[in-house]
Amino acid sequence: MSELVEEWTSFLPDLLQGLDISVEVTLLSLAIGIPCGLVLAVLVSSSSRLAKGAGLLIVEFGRGAPALVLLQLVYFGLPTTGLLLSSFVSAIAALAWNTAAYTSEIIRAGLDAVPFGQREAATAIGLNPLDALRFVLVPQGLRMAIPALVGFSIQIFQATSLCFTIALPELLSRSYGIGSQTFHYFSVLLLAGLIYAAICIPASILMKRLEHAIGHYAT
Amino acid sequence: MWSYPAFLVSGLPWTLSVTAGAFAIGALIGLPVMLAEESTFAPLRLIARTYVNLVRAVPPIVWLFIVYFGVGSDLLRLTPFGAAVIGLGLISSAHLAEIYRGGMISVGKGQREAASALNLGPVYGFIDVMAPQAVRVALPPSAGYAIGLLKDSAISSAIGVPELTERANEAAQATLTGLPVYVALAAIYILMSVPVAWLARAVDTRLRAKVAR
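A brief structural summary. Everything quoted here is computed from the prediction, not taken from an experiment. One numbering rule holds for all chains: residues counted from 1, following each sequence as written. For this description, chains carry letters from A and ligands carry numbers from 1, given in the order in which they are written. It should be noted that, the model being predicted, local features are given only for residues of pLDDT at least 70 and side-chain atom pairs only at 80 or more, the latter also being counted only at that level, while totals for whole chains, interfaces and linings use all residues.

## Notes on helix H6 (residues 129-159) of chain A
Then comes step 1: Its 31 residues give H6 of chain A an end-to-end C-alpha distance of only 36 Å, which falls more than 12% under 45 Å, the value for a rise of 1.5 Å per residue.
Then comes step 2: What is called the bend at a residue is the angle between a pair of axes, fitted to the seven residues leading up to and ending at it and to the seven starting from it. For helices the rule is a DSSP run of H or I covering at least 4 residues; for strands it is a run of E covering at least 2, with both sets numbered from the N terminus onward. Its maximal kink placed at Ile146 of chain A, H6 of chain A deviates by approximately 50 degrees, while the proline Pro147 of chain A follows within four residues. Helix span, as expected, comes to 1.5 Å for every residue beyond the first.

## Describing the nonpolar core
Then comes step 1: In these notes, a nonpolar core means any group of buried Ala, Val, Leu, Ile, Met, Phe, Trp, Tyr and Cys residues linked to one another through C-beta atoms within 7 Å. Exposure classification rests on a simple neighbour count of other C-beta atoms within 10 Å of a residue's own: a residue reaching 20 or more is buried, one at 12 or fewer is exposed, and one in between is partly exposed. C-beta atoms are placed from the backbone. Core analysis: the largest hydrophobic core is formed by 116 residues, its most contacted members being Val69 and Leu71 of chain A together with Val62, Leu64 and Leu185 of chain B.
Then comes step 2: In terms of residue count, helix H4 (residues 87-113) of chain A provides more of this core than any other element does, 13 residues in total.
Then comes step 3: Residue contacts for Leu71 of chain A: discarding those within four places in its chain leaves Ser90, Ala91, Ala94, Leu162, Cys163, Thr165 and Ile166 of chain A. By definition, residues are in contact whenever their C-beta atoms, placed on the basis of the backbone, come within 7 Å of each other.

## Looking at the environment of Trp63 of chain B
Residue and element names in this part refer to chain B.
Then comes step 1: For Trp63, the position within the fold is in helix H4 (residues 60-74).
Then comes step 2: C-alpha separation for the pair Trp63 and Ala202, spaced 139 residues apart in sequence, amounts to 34 Å.
Then comes step 3: Every residue in contact with Trp63, bar those within four places of it in the chain, is listed here: Val58, Gly87, Leu90 and Ile91.

## Notes on unusual backbone geometry
Then comes step 1: Of note, the phi angle at Ala167 of chain A is positive, near 65 degrees, even though the residue is not glycine.
Then comes step 2: The topology assignment puts Ala167 of chain A in the loop between H6 and helix H7 (171-182).
Then comes step 3: Phi is positive for Asn119 of chain B, which is not a glycine, with a value near 60 degrees.
Then comes step 4: By the element assignment, Asn119 of chain B lies in the loop between helix H6 (109-117) and helix H7 (121-152).

Right, here's the structure in full:
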């Protein structure tokens, strides 16, 4: 047992550096992806056929293809067009796309849950469509989407482990690297798994609390 | 000339077998896990809840690595395919247990009470009253999970299962033009999930009508 603890203490600094990168990729993907998701949500519910079609194409591709395929499409595919991105930028681009696609659906559901009377009231007091969206629909819709958005953030954090395949030195890559040097795959991968769990379990408890607190329409 | 579309499609049976195998394991193990979660015996409940939460808190690819490199290299020899099916199967069991539990909860409490009033006992109450109704509610989300699993099976390329994504990687390296290969790959995944989603929606509306609340 003490041997395992000693081994894990020697692995830990390297793994925590990897965790840093995983967290950075998660936060940047969410920071870029969620606003894009909001724009996509508005595009998809727009009455213009062109905007709707373009929005749907981006959303269906981003949701329908596995996140791993998006990552490889950006990292190994885009160089065909002459666009060479580093693994860090590719990871953020692909995961932000995935985030935008999923969160657009979450946000759209949130916006749809705002009672129709709110929309009518906004028109009645003379707000133009953009202001109605800004001051009436989005604040209420986003509030209801928060628990689902937290849930999705956990998924994106887990998805950063896929960046192993594009050689990003994040948590899983580093533990695999240690495993191939020491041949103690089981021990190091177990430690990596525990680190992921140590973040995801509290986060999902937080999500359940949020669901109770704001999962319904509040006046 | 060597054509990559045919090569790419040769990964399809592997993708489908990994998905089907993992789903079958998950559907089977998910049932006892759900029953343990709903058990009146507290320690059993704790073990089952911990299992479900722990499995879901670790990314699928990490589980696959633990099974393939961790368990597979030290304790017993596993083929990449075996490791992928076992790893994804265990993950599915946790997710499907939760889906089954949702199905059980959606069946009205009065049904359980009526079953015990008729002296059916817990076993027949479950088999003849609860399960047939719960299945109707749990089927569409299970189909939804199967679609997710089909996409998750792409990660088995990381441990060398020659499925669609692994084939695409090889084809991209061989042709030196990655973009069309990966766009085709993404299109295959999207096209495969469309019929399942359509079927699930169609079945959902028919089955939901038959649940007492």
